[in-house]
Amino acid sequence: MERTEIAERIRTIISLVVKHDNFEMTDELTANDVAGWDSLSHVGIIVGIEAAFNIKFKLKDLNGMNTMGNIIELIRSKIE
Amino acid sequence: MNEYCIRKATVDDIPFLTEVVIAASKSNSDKLSLSALFNLPENRIREIIGSMFSEEIDGCEFSISSFLITEHRGKPVAAVGGWVEGLVQKTSSSILKSNLITYCFPKESIAFVLSISAIISDILIERDNLSLQIEYVYVDKDHRGKRLAEGLIRQHIKNAQLAYPGLEKAQVQLFSNNSPAIRSYEKIGFHVGKVYKSSNPKILDYFSHDEALLMEIDIALESPQQCRIMRAKGSNHGKNRNSGKN
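Fair warning: this is a prediction, and the values are worked out from it, not measured in the lab. (Residues numbered from 1 in each chain as written. Chains lettered and ligands numbered in written order. Predicted model: local features only at pLDDT ≥ 70, side-chain atom pairs only at ≥ 80, totals over all residues. Heavy atoms only, no water.)

**Examining the overall build of chain A**
The secondary structure content of chain A amounts to four helices and zero strands. Put simply, chain A runs from its N terminus to its C terminus through helices and strands in the order α-α-α-α. Computed over its C-alpha atoms, the radius of gyration of chain A comes to 11 Å, within 12% of the 12 Å expected for a compact globule of 80 residues. Expressed as a percentage of its 80 residues, the buried residues of chain A come to 45%. (Helix = DSSP H or I, 4+ residues; strand = E, 2+ residues; numbered from the N terminus. Rg over C-alpha atoms; globule rule 2.2 N^0.38 Å. Buried < 20%, exposed > 50% of the residue type's maximum accessible area, 1.4 Å probe, protein only.)

Have a look at this one:
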């Protein structure tokens, strides 16, 4: 799967959870940059990503997902 | 002779810390909000809290390293959690906690808590970055009235100032009907910073009260000289066991 396609799917998931799309999908994007990305919505985003890509994150994966670039690369490594 | 001493929590304390979280979460009521939020019985919540502590993730409320314990004759009798938000990990404690929850709770429970997110979100308080966060205050009923919680909170403040001399404030979240705890914090110097009120009556299905308070205290060191002294003391930090006499 292309990196841009992964990014677009993640963007859709985040938009559905936080109920807006007022953010730019850069590799540097963090939870702090997205209004509404709080503790509860974080759970929804993680669950949504796992379902969309049919993957399961380990705890060390989750704690390493500090930026969008990290999230995309982690997903690529799991689906390839 | 003072029979109480304060020490850092270790992995051996996980059963005690689990009971601390359970007791503190009940907040002087019979309602265990974690049980209601995740639609699980108390014994299952107990197991999962233990497993979250066992992951040994630093920097949040389910971190062993966040807790100080007061011992009496070798037995833990009081505990308080505290950490400088965003200092150890660069990720916020709420995200670290959510990662632990997502990883340790069953799928059905995660789906349940997400289904009620609109009800509970009004009183979920985000934490200020680089502030000392106090969470899960517990004193065994046989040892109350001896200011053990105050001693632990003051020790957390000292430790946090050593770890981060730029620290400006400490914060604690609690329900507004918890009058004894509010009075205790006020005696230390905390004041109410913000009030979070839910207008959704269903909130009481999940929490013991519908209004949460954010209490704060200014703990900024007053001068650059004080900061230097604290940094110098920091080089010896952790070598001494501290008295819980406060």
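From this point, things continue past the structure.
**Digging into the pattern of salt bridges**
Considering all chains together, one arrives at 23 salt bridges over all chains under this definition. D27(A) is the partner of R3(A) in a salt bridge, and the nearest nitrogen-oxygen pair spans 3.2 Å. Of the two residues, R3(A) sits in helix α1 (residues 3-18) while D27(A) sits in the loop between α1 and α2 (39-53), which places them 24 residues apart along the sequence. In this structure, E42(B) engages K26(B) in a salt bridge whose closest nitrogen and oxygen atoms are separated by 3.2 Å. A residue pair is termed long-range when its members are at least 10 positions apart, and E42(B) in helix α3 (residues 42-54) and K26(B) in helix α1 (residues 14-26) qualify at 16 residues. Assessed through its relative accessible area of 28%, E42(B) is described here as partly exposed. (Salt bridge = Lys/Arg side-chain N within 4 Å of Asp/Glu carboxyl O.)

**Side note on the interface of chain B and chain A**
On the side of chain A, 17 residues touch chain B, which itself brings 18 residues to the contact. Counting the surface lost from both chain B and chain A, the interface buries some 1,500 Å², and carbon and sulfur atoms represent 69% of this. Of all residues in chain B, the largest losses of buried area upon contact with chain A belong to N99(B), T102(B) and Y103(B), amounting jointly to 34% of the total for that side. Applying the counting rule to chain B against chain A returns zero salt bridges. (Contact = heavy atoms within 4.5 Å. Buried area = accessible area lost by both parts, 1.4 Å probe.)

**Re the packing of aromatic side chains**
The final tally for this structure, using the stated rule, is eight aromatic pairs over all chains. Taking the centre distance of 5.8 Å and the plane angle of 55° together, the rings of F175(B) and F207(B) count as tilted. With a gap of 32 residues between them, F175(B) in strand β5 (residues 169-175) and F207(B) in the loop between β6 (191-197) and β7 (211-218) connect regions that are remote in the sequence. Note on F175(B): relative accessible area 14%, which makes it buried. With a centroid separation of 5.2 Å and 70° between ring planes, the pair formed by Y185(B) and F190(B) is classed as edge-to-face. In terms of burial, Y185(B) and F190(B) fall into one category: buried. In this arrangement the basic side chain of R11(A) is found over the ring face of F23(A), its NZ or CZ atom lying 4.9 Å from the centre. (Phe/Tyr/Trp six-rings, centres within 6.5 Å; stacked < 30°, edge-to-face > 60°. Lys NZ or Arg CZ within 6 Å of the ring centre and 35° of its normal.)

**Things to note about the environment of D140(B)**
Note that D140(B) resides in the loop between β4 (132-139) and α7 (148-163). Along the sequence, D140(B) and V20(B) sit 120 residues apart, while their C-alpha atoms lie 9.2 Å from each other.

**A closer look at the nonpolar core**
In this structure, I10(A) and W37(A) are the most contacted members of the largest nonpolar core, which totals 73 residues. If we ignore the near neighbours within four places in the chain, the residues touching W37(A) are I14(A), V18(A), T30(A), A31(A), H42(A), I45(A), M68(A), I71(A) and I95(B). Counting residues in each nonpolar core, the second largest holds 29 residues, with V80(B), V84(B), A160(B) and L167(B) among its members. (Core = buried A, V, L, I, M, F, W, Y, C linked by side-chain atoms within 4.5 Å.)

**Considering unusual backbone geometry**
Non-glycine residue K19(A) carries a positive phi angle of around 65°. Summarising the element assignment, K19(A) is placed in the loop between α1 and α2. One non-glycine residue, Y136(B), adopts positive backbone phi at about 60°.

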